[in-house]
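Fold and contact review
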Amino acid sequence: MTNFKTSVNNTDHFEISNENIQNLDVVPTKANTFHILKNNQSFNAEIIEKDFNNKTYAVKVNNTVYNVAIADYLDQLIKDMGFEVGASKHVNDIKAPMPGLILDISISQGQEVKENDTLLILEAMKMENVLTSPRDGVIKTISVAKGDAVDKNQLLIEFE
């Protein structure tokens, strides 16, 4: 039996088996849009963004967007062995993953941060998205301020 580890909004973590998936009543309604029945509850789901290389997805369920990361057995084994995808550890800047509004900035220029430390909160589509540090490092520049509206791929933070 294959198990997948999932992370939702980087806060909730679940283990899902093939059996869990097969027990869902899922009907595609159009491209990337599905109607799901689970425990007699109805859900409308739409995959709005997907990154197959990193196995991450933005899924809108009943008008709420969730950022979902999925790890299969091989991903889990690689992580357990202490290996990480090399490119993800050499990130030198953080760009806006989507257009939105900067609600809060938790760091300052010159501050030392650890991997997964909260950097800022970006509100997009009435949902607060916590952007965390992809690596240990020192903040070189912060290109935005609290209350700024940002565009997708706009530079937010640079590391030294």
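Before reading further, recall that the structure is shown in the block above.
None of the values given here were measured: they were computed from a predicted structure. (Residues numbered from 1 in each chain as written. Predicted model: local features only at pLDDT ≥ 70, side-chain atom pairs only at ≥ 80, totals over all residues. Heavy atoms only, no water.)

1. A look at the overall build of the protein
The condition is simple: Put simply, DSSP H or I for four residues or longer makes a helix, DSSP E for two residues or longer makes a strand, and each gets a number counted from the N terminus. Between two residues, a contact is recorded if the distance between any of their heavy atoms is within 4.5 Å. Throughout, the Shrake-Rupley method with a 1.4 Å probe supplies accessible areas, and for residues the shown protein chains are the sole cover considered. Charge convention: Lys and Arg are scored as positive, Asp and Glu as negative, and His as well as the terminal groups of each chain are ignored. Charge coordinates come from a single atom per side chain, which is NZ of Lys, CZ of Arg, CG of Asp or CD of Glu.
Of the regular secondary structure elements, the protein holds two helices and 15 strands. When its C-alpha atoms are laid out on the principal axes, the protein stretches across 50 × 40 × 25 Å. The long-range share in the protein, meaning contacts at least 24 apart out of those at least 6 apart in sequence, stands at 45%. Split by element, the accessible area of the protein, about 10700 Å² in all, is 50% carbon and sulfur. Separation of charge centres in the protein, based on 15 positive and 23 negative side chains, amounts to 3 Å.

2. Thoughts on the nonpolar core
Here is the rule we go by: Residue types Ala, Val, Leu, Ile, Met, Phe, Trp, Tyr and Cys, when buried and joined through side-chain atoms within 4.5 Å, form a set referred to as a nonpolar core. The rule is simple: take the accessible area with a 1.4 Å probe, protein chains only, and divide by the maximum for that residue type; under 20% is buried, over 50% is exposed, in between is partly exposed.
Counting residues in hydrophobic clusters, the biggest one holds 17 residues, and the most contacted among them are L119, L120, L156 and I157. Listing elements by their share of this core, those giving two or more residues are β11 (118–124) and β15 (155–159). Here this core gets four residues from one element, more than from any other, and that element is β11. Once you skip the residues sitting within four places of it in the chain, I157 turns out to touch N92, D93, I94, I107, L119, L120, I139 and T141. Counting residues in hydrophobic clusters, the runner-up holds six residues, among them A45, Y57, V59 and V68.

3. Notes on a nonpolar patch on the surface
The test is simple: To count toward a patch, a residue needs a relative accessible area over 30% and no salt bridge; like charges are then connected within 9 Å, while nonpolar side chains (Val, Leu, Ile, Met, Phe, Trp, Tyr) are connected within 5 Å. Here a salt bridge means any side-chain nitrogen of Lys or Arg lying within 4 Å of a carboxyl oxygen belonging to Asp or Glu.
Taken together, the side chains of Y73, L74, L77, I78 and M81 define a hydrophobic patch exposed on the protein surface, amounting to about 510 Å² of accessible area. Assignment of secondary structure puts M81 in the loop between α2 (73–80) and β8 (93–95).

4. Let's talk about the side chain of T33
Note that T33 resides in strand β4 (residues 33–38). Here T33 is in contact with V27, P28, A45 and E46, once residues within four sequence places are set aside.

5. Here's the deal with the sheet that holds strand β5 (residues 41–51)
Note the threshold: Two strands pair if DSSP finds at least two bridges between them. Axis angles are defined between N-to-C directions and span 0 to 180 degrees, where every axis is a line fitted to C-alpha atoms and, for a helix, only to the segment in contact.
Pairing within the open sheet is antiparallel, and its seven strands lie in the order β2-β1-β7-β6-β5-β4-β3. The open sheet is flanked by β2 (12–17) and β3 (25–30), the only strands paired with a single partner. Averaged over neighbouring strand pairs, the angle between their axes works out to 30° when direction is ignored.

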